[in-house]
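What follows is the residue order along each chain.
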Amino acid sequence: MDVYLHLIAQGLAIGLLTGILYVLIALGLTLIYGILHIVNFAHGEIYMLGAMGVFYGYVVLKLPFAMTLVAILVLSLLLGLVVERAFFRSLRGQWLQLVVASVGLSLIIQSLAWVAFGIQEKNVPSFFTGIVSFAGVRLPMERLVAAAVGAVLVALLYLLVYRTKVGLAMRAIEEDEETARMLGINADRVAALACAIGFALAALAGAFVAPIYSLNPGMGLEVILMSFLIIIVGGLGSITGTVLAGLLIGVLQSVGGVLVGAEAAYGLVFVVMIGVLIFRPAGLLGKA
Amino acid sequence: MKRGLLGLVISALVLLPPLGEPYVLHVAIVVLIHVVYAQALYVIMRMGYLSFGHAGYIALGGYTSALLATKLGISPWIGFLAGGIVAALFAWALGTVTLKLRGIYFSLSVFAFAEVVNAVFRAFEVFGGPAGIAAVPRPALFGTQLTTHLQFYYVVLVVSLVSLFFLYRLQWTRFGCTLLALRTRATEALAESIGINAARHKTFAFVVSCFFCGVMGAVHVHYLRFVSPFVFTFFLSTDLLVYVMVGGLGSYWGPMLGTVLLTGLGEQLFAAGYYKSLVYAVVLLVVILALPGGLISPPRIFRRGGREPAVPEAAAATAARER
Amino acid sequence: MLEIRGITKQFGGLMALQDVAFMVNRGELVALVGPNGAGKSTLFNIIAGAFPPTRGQIIFNRRDVTGLSSHALARLGVARTFQQTTLFGEQTALENVLHGRHRHVPARLLAGLLATPSYREEQREVERHALGVLELLGIAAYRDAIAADLPLGIQKLLTAAIALATDPVLLLLDEPAAGLSHDEATRMMNLVASEIRQRCTVVLVEHNMRIVAGWCDRAIVLHFGQKIYDGTPDGLTRDQRVVDAYLGVAELG
C-alpha cells in the first residue's frame, strides 16, 4: 500500500511538472485564438521545431545551451511575425479558411521536417543533471528546471496581459475588435505580437522538453492533441482556465498512467473532455 | 448536357477497366474510395461543421469489417454494412453531444475522438495492436473470391456509385436543403423558430456522413487486405479536407473535382513519400489564399468567409454585425 | 387564446420581469410597449420559447406551453421574427420562404431520395404556397434575389414572409418597423393590420407610439418589468402612469 501511495505521489509530482509544459504550449494556442480567432494547427510543429532547434544548436553545432535557447526564442518570435503577416492577416475573419490554412501550414512544416531531419530519432543529452529528492518523491533536475522556467514564463505572460498597456490592448481586441480599432488600437500589430509570443512559448516548451524525450518530426501531433484537449476543458480564451486545465490534465495523465496504464489514461483524459463538453460546453472557465 | 456527360463518365467507368493494367485500376480504386469519403465529409461541411476526425469513423468501419471477417469468418458483404452501422452508431452517440458545439469546439472534439479511436486500436491486442489485422479476405461472389484488381474494382464501383447517388439525391431533398439553413448559429435560431428541429437534422446528417465513411472504410480495408492504427490517421482527415476545400464548397461536384485532381496528382507523387503531403499543403495554401471558396466557388455561400466564431458571445456580436 | 400568467424572469440578481399577466384574444392586434429596458424583448423571447421564465405560465389555446422549445412552439402555430433582421442570407427570397413550410409538410426522406411523382408534386405545391406568401406581402418581384442583397425594407418584409409561411395561429413581430423610413413603416403596418391579421393573431413589440396608436387594437405597457397598462391606445396616452414612464418622449402626443 505504501508503495502504491508512493507511486501516486510520484505520478502527481511528475504530472504537475509535465502539466506546466503543456500549459506553456496551450497558452500560446489560447493567446493566438483569443486575438486572431484562429486555432493554430501548426502550433505542434513550432514545438517540434523548438526541440529540433536544440538538437541542432546544442548537439550538432555544439553551441552553449543558453545561446541555443536565445536563438530559438528569437527565431520563433520572427517566425510568428512572418506567419501572421503572410497567411493569417489576409484571411482575417474567415474562420473556415484560417483553420484550413493553419492545417496546411502544419503539413508543410512537418513534411519539410521529415525530409530535413529524417526518420532517425534524435536524443539530446541533459543539460541539468541530477535528481532532487523531496518528501519521498524523486524529481529529475531537468524536469524541475523546465517546470520552473515554464512557471516563470506563465507568470510573465500574466503580467503582460493584465499589467501592461499591450496586454490591455490584447484584451480589448479579444472583447470586441471593431471597437478596439475605433479606439485607435493597432489591431494588426497586436495580432502580430500575439502570434509571435504564442510561437515563442511553444518553441521554448519544445526546447526544454528536448532533453527529456526523444525527438522525431512527428512529435508535434501528439502534443497538439493534448493542447486541444486542455483548451476545450479550460475554455478557449481563458488564461487561468488553460493553466488549471493543463495542470489537471498533466496530473490526470501521469497518475492515470500509474494506475491504469498509459493508453487508458489517454482515454480517461478524453472522457473528461467529453464530460466538460456536456456539462460546461464553454470550458471550466470559458467565457459565456 | 450535364446528364449526357454523367452518362458518359459512368459508361467509361463501367466499360473501360477491362482494358487497363492493374496499376491504373489501383489508382481508379483509390480515387473512387476517396471520392466517397470526400462527398460524405461534404454533407456536414455544407452544414457549417468542419470535421478533423473523419478518419476515425473510417477506421471504425474498417476495423469492424476486418474483425468480423478474420475472427468470425463473416462475409465482407455483410462486413461493409456492419462497418457502416458501427460508424453510424458512434456518430449518433458522439453527435448528440458535440453537434451542440459550434465551430472549432466541434472540430476539436471530432479530432480528439479519432485520435482516441486509433489509440484504442493501438493499445489492445484484440484489435491487433500496432501491427493491426492482416490477411483480411476479399469478398466472394457465387463462390469465387474476387481477388484480382479488376474484380475488386467492380465491387468498389458498385458501392461507390450507390453511395454517391444517395449523397447526391440527399442534397436535393427538403432535408438536404434544410441543412443549408443550419449553417450558422443565427440561421439555426431562425430555422428553429419556423419549426425545424435543428438538433435532429444535424445529428441525422452526421450519422449519414459517418455511415458512408464506415462502409467505404470497410471496402478500403478489404482492398488493402490489411488494417492498422496507422492506416486511417489524421493525415487522411486533412487530405479529405484539402480535397473538399480545393475542389470548392459551392456545389456537389466540388469535392469530387478536388479529390480526382489531387488523388491523381498524389499517386503520381507517391514514390516521393513525404513530398505528397508537402505538395498537397502548398496547393491548399495557394488555393485558400487566392480562391477562398475553392475551385468551384459558390455564388455566395462562403465568399464572405463563412465567418463562424466559436466563442458564444462573439457569435452574437457577429450576428448583430452581419446585418 | 394566449394567456400570460404571472411571468417572472430573473437573470442572476436582475429582475427583468415581475409577475406580468395578460390575455390576447383571437384576431387581435396587440402591442407590447415600453421604453428600452422595460422587459418587452425578454417577455417576447419567453413567449417565443427562446428561454423559460423563472416563474409563471404561458397558456396557448388552453394548453400549457411554458418552457417548450422554439421549434416545438412553431409546430403548434407560433411564429416570430427577430429584432435583428435574421434571414438565410445566402439564399434567394423564395428559398428563404420555402423553409417555412416545414411545419406542414413532412420530410419524407425516402420519397425525396427517389424523387417520386408525389414528392415532386408536393414540392411544387410548397413553391406555389411560398410564392403566394411573397405576393401577399408585395415582394414577389424579389423572389430570385439573394436575401443579403435586398434593401432593409424588403428584408423586413421577407422576415415576416418566412414567419407567415408557417401558417401561424399566433404571429410575434419584434419591432417590425425598426429602421424603416416613415413610408416603409406605414406600408409595413398597413400590411400587418390588413392581410396579416386576417390570417392570424398578431402581437408586436414596439416602442414607437405612432405605430401603436395608429394600428393596434390594444396596448400593454411594461415598465421596469411590470405591467402598468392594458387597454386601448387612446387610453394609453391619457394614462398618468404611462405618461410618467415615458416622460420626455416626444411621440407621446
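Residues numbered from 1 in each chain as written. Chains lettered and ligands numbered in written order. Predicted model: local features only at pLDDT ≥ 70, side-chain atom pairs only at ≥ 80, totals over all residues.

Draft legend 1. Main features of the sheet that holds strand E10 (residues 226-231) of chain C. Residues and elements named next belong to chain C. Taken together, the 6 strands give an open sheet; going across it, the order is E6-E7-E8-E3-E9-E10, and neighbouring strands pair in mixed fashion. One side of each edge strand has no neighbouring strand; the edge strands of this open sheet are strand E6 (78-80) and E10. Each neighbouring strand pair of the sheet contributes to a mean axis angle of 20°, computed without reference to strand direction. In this sheet, strand E9 (residues 218-223) lies alongside strand E3 (residues 29-33) in parallel orientation, the contact comprising 4 bridges. Within E9, the position partnered with Ala31 by the bridge is Ala219. Running at roughly 145° to strand E8 (residues 201-206), helix H7 (residues 182-199) makes contact with E3, strand E7 (170-174) and E8 of the sheet. (Pairing = 2+ DSSP bridges. Helix = DSSP H or I, 4+ residues; strand = E, 2+ residues; numbered from the N terminus. Axes fitted to C-alpha atoms, helices over the stretch in contact; angles between N-to-C directions. Contact = placed C-beta atoms within 7 Å.)

Draft legend 2. Inspection of unusual backbone geometry at higher detail. Residues and elements named next belong to chain C. Backbone geometry at Asp167 places phi at a positive 50°, although glycine is not the residue there. Looking at the secondary structure, you find Asp167 in the loop between helix H6 (152-164) and E7. Asp167 sits in the partly exposed class, given 15 other C-beta atoms within 10 Å. The backbone phi angle of Phe224 is positive, close to 50°, even though this residue is not glycine. Turning to its location among the elements, Phe224 is positioned in the loop between E9 and E10. (Buried ≥ 20, exposed ≤ 12 C-beta atoms within 10 Å, placed from the backbone.)

Draft legend 3. Region of the structure containing the interface of chain B and chain C. Of the residues lining the interface, 23 residues belong to chain B; the matching set on chain C comes to 25 residues. Taken together, the elements giving at least two residues each to the side of chain B that touches chain C come down to helix H6 (149-172), helix H7 (174-180), helix H8 (185-193) and helix H13 (312-322) of chain B. Sorting elements by how many residues they give to the side of chain B that touches chain C places H8 of chain B first, with 6 residues. The residue inventory of the side of chain B that touches chain C, partitioned by class, reads 12 nonpolar, 6 polar and 5 charged. (Nonpolar A, V, L, I, M, F, W, Y, C, P; charged D, E, K, R; others polar.)

Draft legend 4. Quick peek at the interface of chain A and chain B. Opposite the 39 residues of chain A that make contact, chain B presents 45 residues. Residue contributions to the side of chain A that touches chain B peak at 14 residues, all from helix H4 (residues 95-117) of chain A. Across the side of chain A that touches chain B, the residue classes break down as 27 nonpolar, 9 polar and 3 charged.

Draft legend 5. Helix H5 (residues 117-136) of chain C, seen in detail. Residues and elements named next belong to chain C. The terminal C-alpha atoms of H5 lie 29 Å apart, and with 20 residues this matches the ideal 28 Å at 1.5 Å per residue to within 8%. Within the span of H5, buried status applies to Val126, Ala130, Val133 and Leu134. Take H5 and look down its axis: the buried residues cluster within an arc of 100°, on one side only. Along H5, the residues that are exposed and aim more than 90 degrees away from the buried face are Pro117, Ser118, Arg120, Glu121, Arg124 and Arg128. In this fold, the buried residues of H5 make contact with helix H3 (93-98) and H6. (Expected span 1.5 Å × (residues − 1). Arc of directions from axis to C-beta.)

Draft legend 6. The arrangement of the environment of Thr98 of chain B in detail. Position of Thr98 of chain B among the secondary structure elements: in helix H4 (residues 76-98). A sequence separation of 141 residues divides Thr98 of chain B from Asp239 of chain B, and the C-alpha atoms of the two residues are 22 Å apart. If sequence neighbours within four positions are ignored, Thr98 of chain B has contacts with Leu277 of chain A together with Phe106, Ser109 and Val110 of chain B.

Draft legend 7. Summary view of the confidence of the model for chain B. Predicted confidence across chain B gives a mean pLDDT of 83, with 90% of residues reaching 70 or more. Across chain B, the secondary-structure element scoring lowest on mean pLDDT is H13 of chain B, at 37, and the one scoring highest is helix H9 (residues 198-224) of chain B, at 94. (pLDDT = per-residue confidence, 0-100.)

Draft legend 8. Seen up close, the packing of helix H1 (residues 2-36) of chain A against helix H8 (residues 187-209) of chain A. All names here are of chain A. Viewed as axis vectors pointing N to C, H1 and H8 meet at an angle of 165°, and their least axial separation amounts to 8 Å. When the interaxial angle is binned, H1 and H8 end up roughly antiparallel. For the pair H1 and H8, the sense of crossing is left-handed. Of the residues assigned to the contact of H1 with H8, the class counts are 21 nonpolar, 2 polar and no charged. (Parallel < 35°, antiparallel > 145°, perpendicular 65-115°, else oblique. Left-handed = near helix turned anticlockwise from the far one by under 90°.)

Draft legend 9. Local environment of the sheet that holds strand E4 (residues 55-60) of chain C. All names here are of chain C. Pairing is antiparallel across the open sheet formed by 4 strands, whose spatial order is E2-E1-E4-E5. The open sheet is flanked by strand E2 (14-24) and strand E5 (63-64), the only strands paired with a single partner. The pairing of E4 with E5 spans 2 bridges and is classified as antiparallel. When the bridges of E5 are listed, Ile59 appears paired with Asp64.

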